[in-house]
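# Fold and contact review
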Amino acid sequence: DVLSAHHVDEKESVFWFPRLKKLAKWVIEQEKSYRQNARLFACEAEGHITVNSDKLKRPFKLRAIADRIDLQDNGNMNIIDYKSGGTYSTKKNGKR
């Protein structure tokens, strides 16, 4: 059982399991509904934009990598960024 594997005691499990089960069902239904009108367009898509403003001393380039981009049937796009929970420093990335 998932909860006991994470050292959740029986009282907590009795409290949380029905709630998590209900939440999981809701998430699955939402995802099914979403996927009826959206298709995968790109994964790990890199992009950038140069931002200029007279309020800035100089322009800067904003870079990003979208984990996933979905195209909806109506032509709109959704950018999806899955969080890893990690933190990133200049030292780790090697760039400023």
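Residues numbered from 1 in each chain as written. Predicted model: local features only at pLDDT ≥ 70, side-chain atom pairs only at ≥ 80, totals over all residues. Heavy atoms only, no water.

## Focus on the overall build of the chain
Keep this limit in mind: Helix and strand labels come from DSSP, where a helix needs a run of H or I of at least four residues and a strand needs a run of E of at least two; each type is numbered from the N terminus. Three labels apply to residues, based on accessible area from a 1.4 Å probe with only protein chains included: buried if under 20% of the type maximum, exposed if over 50%, partly exposed otherwise in between. In what follows, a contact means two residues having at least one pair of non-hydrogen atoms within 4.5 Å. Note on areas: Shrake-Rupley, 1.4 Å probe, and residue coverage restricted to the protein chains presented here.
Across its full length, the chain carries three helices and three strands. The helix and strand sequence of the chain, counted from the amino end, reads α-α-β-β-β-α. When the 96 residues of the chain are sorted by exposure, 9% land in the buried category. A separation threshold of at least 6 residues defines the contact pool for the chain, and within that pool the share at least 24 residues apart is 40%. Total accessible area on the chain is roughly 9,100 Å²; 56% of this is exposed by carbon and sulfur atoms.

## Considering the pattern of salt bridges
The test is simple: Between Lys or Arg on one side and Asp or Glu on the other, a salt bridge is scored when a side-chain nitrogen of the former is within 4 Å of a carboxyl oxygen of the latter.
Counting across every chain of the model gives three salt bridges. The partner of Glu31 in a salt bridge is Arg35, with the nearest N and O atoms 2.6 Å apart. Here Glu31 and its partner Arg35 are both found in helix α2 (residues 10–35), four residues apart, which amounts to about one turn of the helix. Among the residues examined, Arg35 registers a relative accessible area of 46% and is labelled partly exposed. Among the salt bridges present, the one from Asp70 reaches Arg68, with a minimum N-O distance of 2.7 Å. Take Arg68: its relative accessible area is 15%, and that puts it in the buried class.

## Examining the packing of aromatic side chains
Working definition: an aromatic ring pair is given by the centre-to-centre distance plus the angle between the planes. Short version of the rule: Ring geometry is summarised as follows: Phe, Tyr and Trp rings, the Trp one being its six-membered ring, pair when their centres sit within 6.5 Å, and such pairs are stacked at plane angles under 30 degrees, edge-to-face over 60 and tilted between the two. A ring is scored as having a charge over it whenever the NZ atom of a lysine or the CZ atom of an arginine sits within 6 Å of its centre and within 35 degrees of its normal.
Applying the stated criterion across every chain yields a total of one aromatic pair. Measuring from ring centre to ring centre gives 5.0 Å for Phe15 and Trp16, while their planes differ by 90°; the resulting arrangement is edge-to-face. Owing to a relative accessible area of 44%, Trp16 belongs among the partly exposed residues under this scheme. It is Arg19 that lies over the ring of Phe15; its NZ or CZ is 3.7 Å from the centre.

## Details of a nonpolar patch on the surface
This is how it is decided: Residues qualify for a patch when their relative accessible area is over 30% and they have no salt bridge, like charges being joined within 9 Å and the nonpolar side chains of Val, Leu, Ile, Met, Phe, Trp and Tyr within 5 Å.
On the surface, a nonpolar cluster with roughly 610 Å² of combined accessible area is contributed by Phe15, Trp16, Leu20, Leu23, Trp26 and Val27. Tracing the chain through its elements places Trp26 in helix α2.

## Section: α2
What counts is decided by this rule: Expected span of a helix, by definition, is 1.5 Å for each gap between consecutive residues, and there is one gap fewer than residues. The term bend refers to the angle at a residue between two fitted axes, each drawn through seven residues, those ending there and those starting there. Definition of a polar contact: a pair of N or O atoms within 3.5 Å, with one able to donate and the other able to accept a hydrogen when the atoms are protein atoms, and with sequence-neighbouring residues admitted only if both atoms are side-chain atoms.
With 26 residues, α2 should reach 38 Å at 1.5 Å per residue; the first-to-last C-alpha distance of 36 Å fits that figure. The largest bend in α2 comes to about 35°, at Trp16, with the proline Pro18 one to four residues further on. Regarding α2, its N-cap is Asp9, as a side-chain oxygen of that residue lies 3.1 Å from the backbone nitrogen of Lys11 further along.

## Quick notes on the sheet that holds strand β1 (residues 38–51)
Paired through their backbone hydrogen bonds, the strands of a sheet run either parallel or antiparallel. Counted only if it meets this: Here, strands pair whenever DSSP counts at least two bridges between them. Axis definition: a line fitted to C-alpha atoms, limited for helices to the stretch in contact. Angles are taken between N-to-C directions and run from 0 to 180 degrees.
Reading across the sheet, the three strands line up as β1-β2-β3 and stay open at both edges, with antiparallel pairing between neighbours. Taken across any chain shown, the strands that pair with only one partner, and hence form the sheet edges, are β1 and β3 (77–80). Neighbour-to-neighbour, the strand axes of this sheet turn through a mean angle of 40°, independent of strand direction. As judged from the twelve bridges shared by β1 and strand β2 (residues 60–72), these two strands associate in the antiparallel manner.

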